[in-house]
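# Structure at a glance
What follows is each chain in one-letter form.
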Amino acid sequence: MRLLNRLMGRAMGTFVAQGVSIDDDGRLCLPDGLTPDRVQRFIELCVGAEFACPRDAMHDLFARVGVSPRVLAILNQIIHDDGDVDLSAIAHHWREAAGALPAFHEIPTRFRDFLVRDLAIADPESRTLLQAVTSTRRNAAKKLGCRADWDQILDLPEGVSALAAPWRRSTIRELAPSSVGAT
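Quantities reported herein were computed from a predicted structural model and do not represent experimental measurements. Residue positions are given per chain, counted from 1 along the sequence in the order it is written. With pLDDT at 70 or above as the cut-off, local features in this predicted model cover only qualifying residues; side-chain atom pairs require 80 or more to be listed or tallied, and sums for whole chains, interfaces and linings still use all residues. The side-chain values count all of the structure's non-hydrogen atoms but skip hydrogen atoms and water molecules.

### Considering the environment of leucine 144
Stated precisely, the cut-off is as follows: Secondary structure elements are taken from DSSP: a helix is a run of H or I of four residues or more, a strand is a run of E of two residues or more, and numbering for both begins at the N terminus. Any two residues having at least one pair of non-hydrogen atoms within 4.5 Å are treated as being in contact.
With respect to the secondary-structure elements, leucine 144 resides in helix α9 (residues 129–144). The spatial distance from the C-alpha of leucine 144 to the C-alpha of alanine 162 is 9.8 Å, given a sequence separation of 18 residues. Those residues in contact with leucine 144 that sit more than four places away from it in its chain are Ile153, Leu156, Gly159, Val160 and Leu163.

Laid out in structure tokens, this is it:
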């Protein structure tokens, strides 16, 4: 158990600085009042797809923003469908998790960059995920004309989807007409 606590301490050091933590029951505590359910809804509106659970939504977005497949595979082993951390799975897969620690640290940075650069909603000065999520909430509320509250924002699905439309369009790769058979 001591090894698990040290591993979690090392892994969470970077995340805590970004506004992410895990409580004693393994619940994922995200910055600025985000919950796994709110993150799922936000991601669904941004990518224009529905997901069965918060874990699936987060994995999809992480893959889209460049988190390595190795990290996604490990996350799949240690994250419950509801987005919470499976502490017993971490204990079981501790070697893989320990080996992936440097790559795990890219997750908050990639998510911050998604909010700042890709969606262009968060303030460019946002240095941490906490700052980016907070400014995303405030800036999205201004653009949508609602109170700066995640539930209020997510209750305007067409508006959130419209905010993410330029990013969605930029990520769609159209297949060029096949030149097979052309002379």
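### What to know about the packing of aromatic side chains
Heads up, the rule is: Ring pairs shown here join Phe, Tyr and Trp side chains whose ring centres sit within 6.5 Å, with only the six-membered ring taken for Trp; geometry is labelled stacked below 30 degrees between planes, edge-to-face above 60, and tilted in between. Remark: exposure states derive from per-residue accessible area (1.4 Å probe, protein chains only) relative to the maximum for the residue type, with buried under 20%, exposed over 50%, and partly exposed in between.
The final tally for this structure, using the stated rule, is three aromatic pairs. Ring plane angle 80° and centroid distance 5.8 Å describe the contact between phenylalanine 42 and tryptophan 150, whose orientation is recorded as edge-to-face. Here phenylalanine 42, found in helix α2 (residues 36–47), pairs with tryptophan 150, found in helix α10 (residues 150–154); they are 108 residues apart in sequence, far enough to count as distant. There is no split in this pair, since phenylalanine 42 and tryptophan 150 are both buried. A ring pair is formed by phenylalanine 114 and tryptophan 167, whose centres lie 5.0 Å apart and whose planes are at 80°; its orientation type is edge-to-face. In this pair, phenylalanine 114 sits in helix α8 (residues 106–118) while tryptophan 167 sits in helix α11 (residues 157–171), placing the two residues 53 residues apart along the sequence. You can call phenylalanine 114 buried: its relative accessible area is 0%. For tryptophan 167, a relative accessible area of 6% puts it in the buried group.

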